Amino acid sequence: MVKGGNAAKQALNRAFASTQVASSGETTARTAGAAMSFAKKIKASRSIDMPMLSHEGKSERAIDGNTAAAHVAYALSDVSFIYPISPSTSMGETMDKFATAGRKNVFGQTVKVRQMQSELGSAGALHGALSGGALCTTFTASQGLLLMIPNMYLCAGELLPAVFHVSARALARQSLSIFCDHSDVMAVRSTGCALLSAHNPQEVMDMGLVAHLASLKSSVPFVHFFDGTRTSGVIECVKPIPYSTMKSIVPWDELDSFRQRGLNPQHPMMRGLGQDPQVYYQSAVSANKYYDAVPEIVQEVMDQVAVITGRHYKLFEYYGDPEAERVVVLMGSAAKTAEETVDYLRARGEKVGILKVHLFRPFSTEHFLAELPDTVKAIAVLDRTKEDLAPSLPLHADVLTAMSEAGVYKKVVGGNYGLGSKEFAPRHVKAVFDNLQNEVPKKHFTVGINDDVTHSSLEIGPTINTQDPEVTQA
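These figures come from a predicted structure and were not determined experimentally.

**Quick look at the overall build of the chain**
When you go through the chain residue by residue, the secondary structure sums to 17 helices and 15 strands. Across the 474 residues in the chain, those meeting the buried criterion constitute 51%. In the chain, 80% of the contacts between residues at least 6 apart in sequence involve partners at least 24 apart. With an accessible surface of roughly 22500 Å², the chain has 54% of that area assigned to carbon and sulfur atoms.

This is the structure:
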């Protein structure tokens, strides 16, 4: 009996021990689950996944241009309406991913992201959200941007701050192309939206922030564009801007003023009315002061971004010989190719330079001429678009107008390049500079193709190596 009692006692002890182990296992599981939940919350709160939030601005991340744009757009939006179109699709996808993960914007809110039935629907919903006082953004390219044009006119006419992030892409002409040029962006330059260009993924991050803040300060909608595929899809090391840092330079007074203008049944107002000839013209012209202020506002915001990031920008940036005699004006990802070619040619004694454009519209003559060396004798303006019926391409026309109105007369020619992502290599840049050496440079030229029909193409020389000789390649 005693023996049996001991056996029962031992069985009870074993059962109690196993219960303790199970209980300990459940406690461990619960603890692990809580830790995982906490980790997810911390991860969702970061603007880009990093060890610590405070390290965001100190660490480089390998991301593409679209992710850089979405990072900034999410920070400064209350709502975003999206619709997929290559090569901008991943911007909307990234916004949706951030929202699903519970990431907070600079206002401590999760952005409401909605996919619409088309780009036209996205632009219409954006206009409605802005009218209600909500910060809104969207993403598009090519034909999708064309569908947004009617609402872009409305946003500009009603002085509603918004940002359209555009990965610039060719339009369907004789055929469809999903590759890069600036045809879509140039099609919206008369809408009243400011046009701001970024040239690489880091600039997409920085110019995206400039666009959002400048739009708020000026009450003018912005198109922030960068080369589709060439910049939107290229992966480079980018230094992200922390949301806490962005928050420190948000113009809160202008934001409050914008929200106060939102439609509200508690203080109703009429908007979007029909106007007769007695007042329509005056209403349109009354917006001039807002557009006149945009260049200085953009430069002011660029200076603020420089303070928080250490990266300095200007509306126009010159690169090359300070006493250059030949200068090429361009914007987009081709600027890096041109920079390398300038270094190559300067090493061989040529006085050349390039002028990179960030703020394309409104075009500031004052800032343009301030960056142009006085020694310049000949200028080539490169447009990444084609307008069959125009006497000059868009950027070329703006440069001609700026110099003419300022009374500065130089030899200026224009041409186009890179349509549908056609190769634009250092030898093509050299051909443009060589053309400027001619007593009568070829006008309205093409570079990068052999035009055996209208004979507009420049003669291209052999391949040149602009790589630094000290660089070792594996």
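**So, the nonpolar core**
The biggest cluster of nonpolar side chains holds 98 residues, and the ones touching the most others in it are Leu196, Leu209, Phe222, Val298, Val329 and Phe368. Counting residues per element, this core draws most heavily on helix H8 (residues 201-218), at nine residues. Among residues more than four places away in sequence, those in contact with Leu209 are Val72, Leu76, Ile241, Met246, Ile249, Val305 and Ile308. By size, the runner-up hydrophobic cluster in this structure holds 24 residues, among which are Tyr417, Val429, Val432 and Leu436.

**Digging into the sheet that holds strand E4 (residues 136-140)**
Taken in spatial order, the seven strands line up as E3-E2-E4-E5-E7-E6-E12 in an open sheet, and their pairing is mixed. Unpaired on one side and paired on the other, strand E3 (112-115) and strand E12 (359-361) mark the two borders of the sheet. The sheet shows a mean angle of 20 degrees between the axes of neighbouring strands, direction not considered. Pairing of E4 with strand E5 (residues 163-168) involves four bridges; the strand directions are parallel. Residue Phe139 lies in a different strand from E5, and its bridge partner there is His165. Packing against the sheet, helix H3 (residues 89-100) makes contact with strand E2 (79-82), E3, E4, E5 and strand E7 (222-227), and its axis sits at approximately 140 degrees to E4. Sitting on the sheet, helix H4 (residues 119-131) is in contact with E2, E4 and E5, with an inclination near 165 degrees to E4.

**So, the pairing of strand E10 (residues 326-330)**
Among the five residues of E10, five are classified as buried, and the element is accordingly described as predominantly covered. Along E10, one buried face is formed by Arg326, Val328 and Leu330 and the opposite face, lined by Val327 and Val329, is buried too. As paired strands, E10 and strand E11 (residues 352-357) are joined by five bridges and run parallel to one another. Bridge pairing in E11 links Val329 to Leu355. Alignment of E10 against strand E13 (residues 378-383), held across four bridges, turns out to be parallel. Bridge pairing in E13 places Val328 opposite Ala380.

**Quick notes on a nonpolar patch on the surface**
On the surface, Leu176, Ile178 and Phe179 cluster together into a nonpolar patch covering about 300 Å² of accessible area. Relative to the elements of secondary structure, Ile178 occurs in the loop between E5 and helix H7 (183-186).

Procedures and definitions
Residues numbered from 1 in each chain as written. Predicted model: local features only at pLDDT ≥ 70, side-chain atom pairs only at ≥ 80, totals over all residues. Heavy atoms only, no water. Helix = DSSP H or I, 4+ residues; strand = E, 2+ residues; numbered from the N terminus. Buried < 20%, exposed > 50% of the residue type's maximum accessible area, 1.4 Å probe, protein only. Contact = heavy atoms within 4.5 Å. Areas by Shrake-Rupley, 256 points an atom, 1.4 Å probe, with all protein chains shown as cover. Core = buried A, V, L, I, M, F, W, Y, C linked by side-chain atoms within 4.5 Å. Pairing = 2+ DSSP bridges. Axes fitted to C-alpha atoms, helices over the stretch in contact; angles between N-to-C directions. Patch = residues over 30% accessible without salt bridge, like charges linked within 9 Å, V, L, I, M, F, W, Y side chains within 5 Å. Salt bridge = Lys/Arg side-chain N within 4 Å of Asp/Glu carboxyl O.

From the geometry alone we can't say anything about function, so treat these as descriptive.
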